[in-house]
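The chain contents come next:
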Amino acid sequence: MSEVQFRNIDLNLLIPLKALLHERNVTRAAKRIHLSQSAMSRALDRLRSELGDELLVRVGRNYELTPRGTALMSELGQIMPRLARLWEGEPFSPAQSEAKIRLAMTDDASSVVLPQLAEILGRLAPGITLEVVPWHERTHEDSLATQLILSPLAAPATFRFEPLFEDSFVCVAGRKLKRGKGAIAMKEYLSFRHVAIETQPNHQNLIDRSLAETGLRRLVAVHLPYFQAAIRVLEATDLVLTMPARIAEPTLTAIDFPLLKAPKELPRIRYSMVWHPRFDSDLLHTWIRETVRQIFQVPVR
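About the cut-offs
- Residues numbered from 1 in each chain as written.
- Predicted model: local features only at pLDDT ≥ 70, side-chain atom pairs only at ≥ 80, totals over all residues.
- Heavy atoms only, no water.
- Pairing = 2+ DSSP bridges.
- Helix = DSSP H or I, 4+ residues; strand = E, 2+ residues; numbered from the N terminus.
- Axes fitted to C-alpha atoms, helices over the stretch in contact; angles between N-to-C directions.
- pLDDT = per-residue confidence, 0-100.
- Contact = heavy atoms within 4.5 Å.
- Right-handed = clockwise from strand over helix to strand, strands pointing away.
- 1 Å grid on protein atoms, 1.4 Å probe; cavity = no way out; pocket = protein on both sides within 12 Å on 5 of 7 lines; lining within 4 Å.
- Points joined across faces, edges and corners; volume = space filled by probe spheres on them.
- Nonpolar A, V, L, I, M, F, W, Y, C, P; charged D, E, K, R; others polar.
- Core = buried A, V, L, I, M, F, W, Y, C linked by side-chain atoms within 4.5 Å.
- Buried < 20%, exposed > 50% of the residue type's maximum accessible area, 1.4 Å probe, protein only.
- Patch = residues over 30% accessible without salt bridge, like charges linked within 9 Å, V, L, I, M, F, W, Y side chains within 5 Å.
- Areas by Shrake-Rupley, 256 points an atom, 1.4 Å probe, with all protein chains shown as cover.
- Salt bridge = Lys/Arg side-chain N within 4 Å of Asp/Glu carboxyl O.

Observations regarding the sheet that holds strand 12 (residues 269-275)
Part 1 of the argument: One open sheet holds the five strands; their spatial order is 4-3-5-12-6, and the pairing between them is mixed. Edge positions in the sheet fall to strand 4 (129-134) and strand 6 (160-167), since each of these pairs with one other strand and no more. Taking the axes of each pair of neighbouring strands and ignoring which way they run, one obtains an average angle of 20 degrees across the sheet.
Part 2 of the argument: Judged from the three bridges that link them, strand 3 (residues 100-105) and strand 5 (residues 148-151) form a sheet pairing that is parallel. Within strand 5, the residue paired with Met105 across the bridge is Leu150.

This is the structure:
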């Protein structure tokens, strides 16, 4: 059927058509959908004209369906529910879903979020697949492919965002750096050689950006995208690694690395859940956002 022909179809006739085929009587069909008998008669006349078939024919004192009417009744039983789902949207059932969800987050955010998120999905939505990609400052530019972003930076003005959790920085000294366990002042911090975690080449991370804003700069000897590799570097050097406390505490205390209080001038890390407005009403996306909120017990905004 061409687009021109389709535009000429009056979908409002589907409801009277279904009633007529089921009731096989104009009066009963009119009562069924709360139309007057005359209005239903006019609808039947239009249907006969549009479809080129009588649809209902008198057999004795009753009406019977024509072969075309019988075929249409069978088709309507399938089409009408499909149209309703098309208009209202498919219901979402986490337990039945086989969707794939793409999330972008940093190494440390994934360590905080993924264990609980994976456990919840395994229990409530075992068919859903998570794909996690590295976060960087321009992740939002691919937001149509990435449904949810956990970002430590402010979201672009055109995006939705919700604060999730905060963290602070701690410092970890390499095995070869002979130093006590006291807090580190900024002057001493700048005298160290550092391992820096960078998620995007040639872009300042949160720490170096904050230092640059006050005219300061630290000496970075090694640039890495992974915390686990950075920790291995500390085993053999006198370098200093600055990392979020939430992942430093369980990871490093277990292998006897003392955690040092970072300079008070370093900023706190504020993570937000960020998404494109096109996902606002998506049922799968709404469920995932609510699941992430539950992990941090964040109320709906």
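Some points on the confidence of the model for the protein chain
Part 1 of the argument: Confidence in the prediction for the protein chain averages 87 pLDDT; 93% of positions are at 70 or higher.
Part 2 of the argument: The secondary structure element of the protein chain with the lowest average pLDDT is helix 1 (residues 3-7), at 53, and the one with the highest is helix 7 (residues 186-191), at 96.

Here's the deal with the sheet that holds strand 7 (residues 169-173)
Part 1 of the argument: In spatial order, the strands read 9-8-10-7-11; together these five strands make up an open sheet with mixed pairing. One side of each edge strand has no neighbouring strand; the edge strands of this open sheet are strand 9 (219-224) and strand 11 (259-261). Here the strands of the sheet are splayed against their neighbours by 35 degrees on average, with no regard to which way each runs.
Part 2 of the argument: By the bridge criterion, two bridges tie strand 8 (residues 193-197) to strand 10 (residues 240-244) in an arrangement that is parallel. Of the residues in strand 10, the one forming a bridge with His194 is Val240.
Part 3 of the argument: Contacts from helix 10 (residues 245-252) reach strand 7, strand 10 and strand 11, with the element oriented near 115 degrees to strand 10.

Observations regarding the pairing of strand 4
Part 1 of the argument: Pairing geometry for strand 3 and strand 4, over six bridges, is parallel. In the strand pairing of strand 4, Met105 is matched with Pro134.
Part 2 of the argument: Chirality of the crossover, the property in question, places the unit of strand 3, helix 6 (residues 107-124) and strand 4 among those that are right-handed.

Brief notes about empty space enclosed by the protein
Part 1 of the argument: Within the structure shown, the criterion is met by one cavity of 30 Å³ or more.
Part 2 of the argument: If you add up the space inside the largest cavity, you get close to 400 Å³.
Part 3 of the argument: Considering the residues around the largest cavity, the lining is formed by 28 residues, among which Trp135, Ile197, Thr199, Asn205 and Leu206 are closest to the centre.
Part 4 of the argument: Those elements that provide at least two residues to the lining of the largest cavity are helix 6, strand 8, helix 8 (206-213), strand 10 and strand 12.
Part 5 of the argument: Looking at the lining of the largest cavity element by element, the count peaks at four residues for strand 10.
Part 6 of the argument: Tallied by class, the residues present in the lining of the largest cavity amount to 15 nonpolar, seven polar and six charged.

Quick notes on the side chain of Thr66
Part 1 of the argument: Examined against the element boundaries, Thr66 turns out to sit in the loop between strand 2 (62-65) and helix 5 (67-88).
Part 2 of the argument: Once you skip the residues sitting within four places of it in the chain, Thr66 turns out to touch Asp53, Glu54, Leu55, Leu56 and Val57.

What about the nonpolar core?
Part 1 of the argument: The biggest cluster of nonpolar side chains holds 57 residues, and the ones touching the most others in it are Leu148, Tyr189, Leu241, Met243, Leu266, Ile288 and Phe296.
Part 2 of the argument: Sequence-distant contacts of Leu148, that is, excluding residues within four places in its chain, are made with Arg102, Leu103, Ala104, Met273, Val274, Trp275, His285, Ile288, Arg289 and Val292.
Part 3 of the argument: The next biggest cluster of nonpolar side chains, apart from the first, holds 19 residues, and it includes Ala43, Leu47, Leu56 and Met80.

Description of a nonpolar patch on the surface
Part 1 of the argument: Taken together, the side chains of Ile79, Leu83 and Leu86 define a hydrophobic patch exposed on the protein surface, amounting to about 270 Å² of accessible area.
Part 2 of the argument: Mapping Leu83 onto the fold places it in helix 5.
Part 3 of the argument: Exposure remark for Leu83: the relative accessible area of 34% places this residue in the partly exposed category.

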